Amino acid sequence: MNARVILGISGASGAALGLSAARHLVDMGARVDLVISPAGERTLAAECGPGAADRLRAMAACVHSASDVGARIASGSAPLAGMIVAPCSMRTLAAVAHGLDDNLLTRAAGVQLKERRPLILLAREAPLTLAHLRNMTAVTEMGATVIPPVPAWYLAPPSLEAATDQIAARAVDQLRLGGTPRATGWTGEG
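These lines cover the structure that appears in this document, whether it is placed above or below. Please read these numbers as outputs of a predicted model, since none were measured by experiment. Along each chain, residue indices are assigned from 1 in the same order as the chain's sequence is written. Reporting of local features is limited, given that this is a predicted model, to residues whose pLDDT is at least 70; pairs of side-chain atoms are given and counted only at 80 or more, and all residues count toward the totals for whole chains, interfaces and linings. Side-chain descriptors were evaluated using all non-hydrogen atoms of the structure, hydrogens and water having been removed beforehand.

## Re the sheet that holds strand β2 (residues 31–36)
At least two bridges found by DSSP between two strands are what make those strands a pair. In this description a helix means any DSSP run of H or I spanning at least four residues, a strand means any run of E spanning at least two, and both kinds are numbered starting from the N terminus. The 6 strands lie next to each other as β3-β2-β1-β4-β5-β6, forming an open sheet whose pairing is parallel. Every interior strand has two partners, whereas the edge strands, β3 (62–65) and β6 (145–146), have only one.

Encoded structure:
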């Protein structure tokens with residue numbers, strides 16, 4: 001597979017989702033263009049350890065600074081298969097919902113929408129305000145897919161890591177890159 005996928009990491013809690021999504025994408029043979037916001041860097045270190053951002057960068061084919069709004073992925077002419085933001089903060093969600101392309105992460109997300117490419121947002125917050133819900137509606141109406149990182153309890157995940165991997169796999173599957181689905185599906189009772 002030669003698909004190029006943007007992986008954005010914003011500052012919401014749930015930074016392990018980004019690491020897991022990167023592993024799934026690399027395992028599939030996708031090339032990852034990585035953008036980490038400053039708050040995403042901080043959350044990666046706090047939740048996944050001081051070397052987490054470096055582990056993530058090592059999986060990427062290309063790493064872009066969040067401040068580089070002139071990067072290749074800021075253009076619709078870049079041949080990309082889509083983008084995942086994992087986790088997606090409410091600030092990032094709001095910026096995408098309102099077309100505020102003020103950094104590379106939000107600009108690249110806006111480009112996916114205008115080019116009608118998959119944009120998968122693992123929106124992480126609880127409880128949700130009316131502003132959050134309206135922003136989720138707005139991005140969904142524009143073509144994005146919002147996936148709150150909710151565990152598949154019916155699969156009885158044995159650990160938080162297993163639940164995280166399943167959520168990230170569902171996000172990767174939403175890109176519709178082909179091949180065997182990454183997420184474990186419900187097989188029915190009995």
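More follows now that the structure is in view.
## Examining unusual backbone geometry
Residue Pro87 is bonded to the preceding Ala86 through a cis peptide linkage, with omega at -5°. Locating Pro87 in the fold gives a position in strand β4 (residues 82–88). Going from Ala126 to Pro127, the amide bond is cis rather than trans, its omega being -10°. Checked against the element boundaries, Pro127 lands in the loop between β5 (119–123) and α6 (130–141). In the Ramachandran plot, Arg116 falls in the positive-phi region, its phi being about 60° despite a non-glycine side chain. Checked against the element boundaries, Arg116 lands in the loop between α5 (104–114) and β5. Residue class for Arg116 comes out exposed when judged on its relative accessible area of 69%. With phi around 50°, Ala156 is a residue other than glycine that occupies positive phi space. Inspection of the secondary structure assignment puts Ala156 in the loop between β6 and α7 (160–173). Partly exposed residues are those whose accessible area sits between 20% and 50% of the maximum for their type, while under 20% is buried and over 50% is exposed, using a 1.4 Å probe and protein chains only. For Ala156, a relative accessible area of 57% puts it in the exposed group.

## Observations regarding the state of the cysteines
We call a pair of cysteine sulfur atoms a disulfide whenever their separation is within 2.5 Å. Inspection of the entire model under this criterion finds 0 disulfides. With no disulfide partner, Cys48 has as its closest neighbouring cysteine sulfur the one in Cys88, 17 Å distant.

## Topic: the nonpolar core
In this description, a nonpolar core means a group of buried Ala, Val, Leu, Ile, Met, Phe, Trp, Tyr and Cys residues linked to one another through side-chain atoms lying within 4.5 Å. Counting residues in each nonpolar core, the largest one holds 29 residues, and the members touching the most others are Leu7, Leu44, Leu56, Ile84 and Leu122. Among the secondary structure elements, those contributing two or more residues to this core are β1 (4–9), α1 (16–28), β2, α3 (52–59), β4, β5 and α7. If one sorts the elements of this core by residue count, α1 sits on top with 6 residues. Setting aside its immediate chain neighbours within four residues, Leu44 contacts Ile9, Ala15, Leu19, Ile36, Gly49, Ala52, Ala53 and Leu56. In this structure, Val96, Ala108, Met136 and Ala144 belong to the second largest nonpolar core, which totals 26 residues. By definition, residues are in contact when any of their heavy atoms lie within 4.5 Å.

In short, the description is geometric, and any link to function would need to be established separately.
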